[in-house]
Amino acid sequence: SLLRPAIRHVSAALLGVAAGLILTVGFAAWRLSQGHIAADAFRPVAERWLAAAAPGARARVGTVEIAWFGPSHSLGFELRDVFLADRQGRPVLRAKRLEAGMAAASLLGLDFAPGRLAARDFFAAISVSPQGRYELGYAASGPPGPSSANLWRFFDDLTGGPRPGRPLSYLQQLDLSDGDI
């Protein structure tokens, strides 16, 4: 019948797309196994994301690389020469290197969660509001959010196994070295 050739063409096209996707993912995995991949095209995105951490802040990032962090099974970014200043120009965050990776296990369930967080040779200004809220910068205000109010849940997330809906439970590596908070 007339539909058989059309079905063959559609299935051949779908098979070609699937093969192309598999080859692309395979090449990317192989390339990441060789080391970090320069990704300075993401620098403006990283700077906007960092600047959103403090109202009126300005961020500067030297280099951005895509990285696979094997021990934590995380895919993410390594940022070098990071600087964040508040609207008065005071330094809020400075780091020679920041690393943030999404846990591969969380990506499978579309429950994006950190698998690795690291900072080397850093300074971070953290303030605490009178009600107990912690914020990056010098002007924390208001009460703590619902997820940060339960200290026992926080420690349970960090020490227990990964659980959907609990992003910190996926964190495998937290590495802060040579820094001041």
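Peer 1: Help me get a handle on the nonpolar core, residues and values and all.
Peer 2: Leu50, Val61, Val64, Leu79, Val82, Leu93 and Leu98 are the most contacted members of the largest nonpolar core, which totals 17 residues. Elements with a minimum of two residues in this core: helix H2 (43-51), strand S2 (58-69), strand S3 (74-85), strand S4 (91-103) and strand S5 (114-124). Of the residues forming this core, the biggest block, 4 residues, is contributed by S4.

Peer 1: Explain the sheet that holds S5 to me, using residue names and the numbers behind them.
Peer 2: Taken in spatial order, the 6 strands make up an open sheet running S1-S2-S3-S4-S5-S8, and their pairing is mixed. Unpaired on one side and paired on the other, strand S1 (37-38) and strand S8 (173-180) mark the two borders of the sheet. Note that S1 and S2 share 2 bridges and pair antiparallel. What sits directly across from isoleucine 37, in S2, is isoleucine 66. Those strands touched by H2 are S2, S3 and S4, and its axis lies near 115° from that of S2.

Peer 1: Tell me what's going on with a nonpolar patch on the surface, and back it up with residues and numbers.
Peer 2: On the surface, a nonpolar cluster with roughly 720 Å² of combined accessible area is contributed by Leu117, Ile126, Val128, Tyr134, Leu174, Leu176 and Ile181. Residue assignment for the nonpolar patch shows that the elements contributing at least two residues are strand S6 (126-128) and S8. Counting through the fold element by element, valine 128 comes out in strand S6.

Reading the values: the criteria
Residues numbered from 1 in each chain as written. Predicted model: local features only at pLDDT ≥ 70, side-chain atom pairs only at ≥ 80, totals over all residues. Heavy atoms only, no water. Core = buried A, V, L, I, M, F, W, Y, C linked by side-chain atoms within 4.5 Å. Buried < 20%, exposed > 50% of the residue type's maximum accessible area, 1.4 Å probe, protein only. Helix = DSSP H or I, 4+ residues; strand = E, 2+ residues; numbered from the N terminus. Pairing = 2+ DSSP bridges. Contact = heavy atoms within 4.5 Å. Axes fitted to C-alpha atoms, helices over the stretch in contact; angles between N-to-C directions. Patch = residues over 30% accessible without salt bridge, like charges linked within 9 Å, V, L, I, M, F, W, Y side chains within 5 Å. Areas by Shrake-Rupley, 256 points an atom, 1.4 Å probe, with all protein chains shown as cover. Salt bridge = Lys/Arg side-chain N within 4 Å of Asp/Glu carboxyl O.

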